[in-house]
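Given next are the chains, with one letter for each unit.
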Amino acid sequence: MMALVLGASSQVGYYLLPLLQAEGIEVLALSRRSARDAPPADVRWLQGALPAPLPPLPPLRYVFSAGPLDALAAWLPTAPLALDARVLATSSMSAVSKQDSPVAAERALSARLRAAEQALAQACAQRGVGCTVLRPTLIYGVGRDRSLTPLARRAQRTRVFALPQGRGLRQPVHAEDVARALLAAALRAQPLDALLEFGGGERLRAGEMFARVRASLPFATLGVPLPRALLALAALHPALRGPIARLDQDLIADNARAVAALGVTPRAFRPDARCWGL
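Not measured: the values here are computed from a predicted model. (Residues numbered from 1 in each chain as written. Predicted model: local features only at pLDDT ≥ 70, side-chain atom pairs only at ≥ 80, totals over all residues. Heavy atoms only, no water.)

Novice: Tell me about the side chain of D177, and please be specific about residues and values.
Specialist: Position of D177 relative to the elements: it lies in helix α6 (residues 175–187). On the accessibility criterion, D177 (1% relative accessible area) is buried. Non-local contacts of D177, meaning those with residues more than four positions away in its chain, are made with F198, V264, P266 and R267. (Helix = DSSP H or I, 4+ residues; strand = E, 2+ residues; numbered from the N terminus. Buried < 20%, exposed > 50% of the residue type's maximum accessible area, 1.4 Å probe, protein only. Contact = heavy atoms within 4.5 Å.)

Novice: So what about the packing of helix α1 (residues 11–22) against α6? Which residues, and what values?
Specialist: Helix-helix packing: each pair is described by the crossing angle between the helix axes and the interaxial distance. Here α1 crosses α6 at 50°, and the two axes come no closer than 8 Å. By the criterion of interaxial angle, the relationship of α1 to α6 is oblique. The way α1 lies across α6 gives a crossing that is right-handed. Contact residues: Q11, V12, Y15, L16, L19 and L20 in α1; A175, E176, V178, A179, R180, L182 and L183 in α6. For the contact of α1 with α6, the class distribution of residues is 10 nonpolar, one polar and two charged. (Axes fitted to C-alpha atoms, helices over the stretch in contact; angles between N-to-C directions. Parallel < 35°, antiparallel > 145°, perpendicular 65-115°, else oblique. Left-handed = near helix turned anticlockwise from the far one by under 90°. Nonpolar A, V, L, I, M, F, W, Y, C, P; charged D, E, K, R; others polar.)

Novice: A description of α1 should follow, citing residues and the corresponding values.
Specialist: Residues of α1 that are buried: Q11, V12, G13, Y15, L16, L17 and L20. Immediately downstream of α1, the backbone of G24 shows phi near 75°, a positive value.

Novice: Break down the pattern of salt bridges for me, citing the residues and quoting the values.
Specialist: Side-chain pairs of opposite charge can arise whenever the charged atoms involved come near each other. In total, this model carries 12 salt bridges according to the counting rule given. Across the pair D84 and R61 runs a salt bridge, and its minimum N-O distance is 3.3 Å. Here D84 is found in strand β5 (residues 81–90), whereas its partner R61 is found in strand β4 (residues 60–65), with 23 residues between them in sequence. Taking the shortest distance from any N to any O, the salt bridge between R180 and D177 comes out at 2.9 Å. With R180 and D177 both in helix α6 and three residues apart, the pair spans about one turn of that helix. A single network of salt bridges, built from pairs that share partners, joins E176, D177, R180 and R267. (Salt bridge = Lys/Arg side-chain N within 4 Å of Asp/Glu carboxyl O.)

Novice: Tell me what's going on with the nonpolar core, and back it up with residues and numbers.
Specialist: Core analysis: the largest hydrophobic core is formed by 35 residues, its most contacted members being V5, L20, F64, V178 and L262. Those elements giving two or more residues to this core turn out to be β1 (2–6), α1, β2 (26–31), β4, α6, β11 (194–198) and α10 (256–262). With nine residues, the single largest contributor to this core is α6. Aside from chain neighbours lying at most four places away, what touches V178 is V12, T90, L134, P136, I139, V173 and F198. (Core = buried A, V, L, I, M, F, W, Y, C linked by side-chain atoms within 4.5 Å.)

Novice: A description of the packing of aromatic side chains should follow, citing residues and the corresponding values.
Specialist: Aromatic ring pairs are defined here through the distance separating the ring centres and the angle between the ring planes. Counted by the stated rule, this structure contains four aromatic pairs. When the ring of Y62 is compared with that of F64, the centres are 6.0 Å apart and the planes differ by 45°; the resulting orientation is tilted. Residue Y62 is classed as buried on the basis of its relative accessible area, which comes to 2%. Ring plane angle 35° and centroid distance 6.1 Å describe the contact between Y140 and W276, whose orientation is recorded as tilted. Of this pair, Y140 sits in strand β7 (residues 139–140) while W276 sits in the segment after α10; the two residues are 136 residues apart in sequence, bridging distant segments of the chain. (Phe/Tyr/Trp six-rings, centres within 6.5 Å; stacked < 30°, edge-to-face > 60°.)

Structure (structure tokens):
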């Protein structure tokens, strides 16, 4: 059995590669950058990214993707897939959570994600292969996310941790749990053609999420609550308008279908310093 992992240097790829090897699956790992860490033994690492042409590949039983879905969908018609191949990919809950964002670029991202999900489903149907797509919430776990890790790294430099008091619910999901869910979909007796929401095992207020990130740091910080008036002023900056507008919005997922279909129950949000690469 041969698996191609697209986006192998991502935080999901970090956990997925050894999981695949533990199942006796041969792994070809593709990423834009070379491996950040020493790759697991016997992983063949390829540098590149779709939609650029890929090197010659053997027939693939599994295609895992933690990268852009539209590029994956465009490549699939000519991909060297085995007859019983399955495609397992991650999208994002931003496909729905940013539909009504006050920021035009975020609304456009949401639309692109939904269009790419549809294009991938159609490409897989035309090839007659199974296709499972997860919509994760905020992914963390290896210090490679662009949401919480930057806060931890900034606190490391300044020893100050800003604490916005958002009332919206959050459901961060650990990268290893996402990888485990993708693997479970791949190993099902029957292919699972589905688009599944997938969040962490705990829902908590945005303010509590930030507080737990601060508590996980291996050094002392000065916690600075950010009042609403200051947040309203900060929202005038285009890069901050969307995130601040969502502080009181629930960004959660319904895990019921994914847990029932895949048997993977994600963990609660109990981060430690390793989650931020510290």
